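A look at the structure
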Amino acid sequence: QVQLVESGGGLVQAGGSLRLSCVASGLTFSRYTMGWFRQAPGKEREFVAAISWPGGSTKYADSVKGRFTISRDVAKNTVYLQMISLKPEDTAVYYCAATRIIAPQAMASTYDYWGQGTQVTVSS
């Protein structure tokens, strides 16, 4: 019954911006830490960003600090990933994930639920 659905992916030019959304259902959204991960073909899945409950503290991968911003709208059961200054190396499938752990988590194994992913392609 728990479902995470990502959207907002697409094709964008290098230097451009994109905003990803993840809508959660079947869980009490305000009591879950939410994370974003990405995976490119032939590469390991890597942590991008996370936002915790209850305080909403955030954590970012070094590769995206200063360019990506994670946020949430509890009323809409939605977590966002605002991406600016996109680079070709940001190209990947981006996944939304949820965990009950009350701190932002960078390890994929700590997350209980995952979305299906949304493709982000950054052209040069």
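Residues numbered from 1 in each chain as written. Predicted model: local features only at pLDDT ≥ 70, side-chain atom pairs only at ≥ 80, totals over all residues. Heavy atoms only, no water.

Turning our attention to the packing of aromatic side chains. Here the distance between the centres and the angle between the planes together describe a pair of aromatic rings. Evaluation of the coordinates by the stated rule reveals five aromatic pairs. With 5.2 Å between their ring centres and 80° between their planes, F37 and Y111 make a pair best called edge-to-face. Here F37 is found in strand β4 (residues 33–39), whereas its partner Y111 is found in the loop between β9 (92–99) and β10 (113–114), with 74 residues between them in sequence. Among the residues examined, F37 registers a relative accessible area of 1% and is labelled buried. Here Y111 falls in the buried class, since its relative accessible area comes to 5%. (Phe/Tyr/Trp six-rings, centres within 6.5 Å; stacked < 30°, edge-to-face > 60°. Helix = DSSP H or I, 4+ residues; strand = E, 2+ residues; numbered from the N terminus. Buried < 20%, exposed > 50% of the residue type's maximum accessible area, 1.4 Å probe, protein only.)

Moving on, we get to the environment of R100. In this fold, R100 is placed in the loop between β9 and β10. Measuring from C-alpha to C-alpha, the distance between R100 and D112 comes to 8.0 Å, with twelve residues separating the pair along the chain. Among all residues touching R100, those that are not within four sequence positions of it are R31, Y32, W53 and D112. At a separation of 3.4 Å, a polar atom in the side chain of R100 contacts the main-chain carbonyl oxygen of R31. (Contact = heavy atoms within 4.5 Å. Polar contact = N/O pair within 3.5 Å; in protein donor to acceptor, adjacent residues only side chain to side chain.)

This paragraph deals with the pattern of salt bridges. Here the structure, examined in full by the defined rule, presents four salt bridges. A salt bridge links E46 to R38, with the shortest nitrogen-to-oxygen separation between them at 2.6 Å. Classification of R38 as buried rests on a relative accessible area of 4%. Ionic pairing is found between R67 and D90, a salt bridge with its closest N-O pair at 2.7 Å. Here R67, found in the loop between β6 (58–60) and β7 (68–73), pairs with D90, found in the loop between β8 (78–83) and β9; they are 23 residues apart in sequence, far enough to count as distant. (Salt bridge = Lys/Arg side-chain N within 4 Å of Asp/Glu carboxyl O.)

Further remarks concern the pairing of strand β11 (residues 118–123). In regular strands, side chains alternate between the two faces of the sheet. Burial of β11 is one-sided: the residues T118, V120 and V122 facing one way are buried, the residues Q119, T121 and S123 facing the other way are not. Where strand β2 (residues 10–13) lies against β11, four bridges are found, and the strand directions are parallel. Each residue of the ladder has a partner; that of L11, found in β11, is T121. Taken together, the three bridges between β9 and β11 define a ladder with antiparallel strand orientation. (Pairing = 2+ DSSP bridges.)

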